[in-house]
Amino acid sequence: MSTTVPQREVVNRARRSRLRAHLAQLDYLRDLAAASGSGVTQTEIARELRVTQPAISQSLKTATATPPILDGFHGATPYEVAERYAAGEITREQVVDELARWPYTPGDRGDGFDWTTYDPGTFEDVTRARRDGLLDSETYDAVLERQDELGL
């Protein structure tokens, strides 16, 4: 039996919700690290968030490994920028602009399917975002066209 349009819409809403939850967790960890780095004690943070101090301590361990958002962008990696677009947090114009001017790190141009050789911050992030359904082909092509316009 094929999926009807309303069922597909429900699945698409669930997918966006899942993306928003993932992105909210990243934002929470970054905010937690910023609060801790500003001199607020773990006990004070725990009291404000109504959680235990050990929970804050554990979350801060994860937070220190969470890369910061790059200045002038909406994510720490091109993939995160694409996630924010797919979640509806940024516009198509913003995602095209940011992915076109991202300061990509040079990477090994492998086959794109071997996750063991994946390096975040390379253009492979954009290719993965398209493959994972975060970007459609037209948006991907618009990124490449914008890079050409910028001479990148």
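Structure report, in brief. (Residues numbered from 1 in each chain as written. Predicted model: local features only at pLDDT ≥ 70, side-chain atom pairs only at ≥ 80, totals over all residues. Heavy atoms only, no water.)

### A few points about the packing of helix 4 (residues 78–86) against helix 5 (residues 92–101)
Between helix 4 and helix 5, the shortest axis-to-axis distance is 9 Å and the interhelical angle comes to 175°. One finds that helix 4 runs roughly antiparallel with respect to helix 5. Judged by residue contacts, Pro78, Val81, Ala82 and Tyr85 of helix 4 engage Arg92, Val95, Glu98 and Leu99 from helix 5. The residue makeup of the contact of helix 4 with helix 5, split by class, is 6 nonpolar, no polar and 2 charged. (Axes fitted to C-alpha atoms, helices over the stretch in contact; angles between N-to-C directions. Helix = DSSP H or I, 4+ residues; strand = E, 2+ residues; numbered from the N terminus. Parallel < 35°, antiparallel > 145°, perpendicular 65-115°, else oblique. Contact = heavy atoms within 4.5 Å. Nonpolar A, V, L, I, M, F, W, Y, C, P; charged D, E, K, R; others polar.)

### Notes on the layout of surface pockets
If you add up the space inside the second largest pocket, you get close to 180 Å³. What lines the second largest pocket is a set of 14 residues, and nearest its centre among them are Leu26, Thr77, Tyr79, Glu80 and Glu83. Of all elements in the fold, only helix 1 (5–37), helix 4 and helix 6 (124–131) reach the threshold of two or more residues within the lining of the second largest pocket. Here the lining of the second largest pocket is built from residues that sort into 6 nonpolar, 3 polar and 5 charged. (1 Å grid on protein atoms, 1.4 Å probe; cavity = no way out; pocket = protein on both sides within 12 Å on 5 of 7 lines; lining within 4 Å. Points joined across faces, edges and corners; volume = space filled by probe spheres on them.)

### Some points on the environment of Ala87
Within the fold, Ala87 resides in the loop between helix 4 and helix 5. Not counting chain neighbours up to four residues away, the residues in contact with Ala87 comprise Arg16, Leu19, Arg20 and Leu23.

### Some details on the pattern of salt bridges
If you walk through the whole model with that rule in mind, you get 9 salt bridges. Salt-bridge contacts for Arg84 lead to Asp27; the nearest nitrogen and oxygen are separated by 2.7 Å. Of this pair, Arg84 sits in helix 4 while Asp27 sits in helix 1, placing them 57 residues apart in sequence. Residue classification places Arg84 among the buried residues on the basis of a relative accessible area of 4%. Its relative accessible area of 26% is what places Asp27 among the partly exposed residues. Between Glu80 and Arg84 there is a salt bridge, and its shortest N-O distance comes to 2.9 Å. Taken together, the residues span about one helical turn, with Glu80 and Arg84 both in helix 4 at a distance of 4 residues. With respect to class, Glu80 is no different from Arg84; both count as buried. Salt bridges linked by common partners bring Asp27, Arg30, Glu80, Arg84 and Glu89 together as one network. (Salt bridge = Lys/Arg side-chain N within 4 Å of Asp/Glu carboxyl O. Buried < 20%, exposed > 50% of the residue type's maximum accessible area, 1.4 Å probe, protein only.)

Structural measurements only, silent on function.
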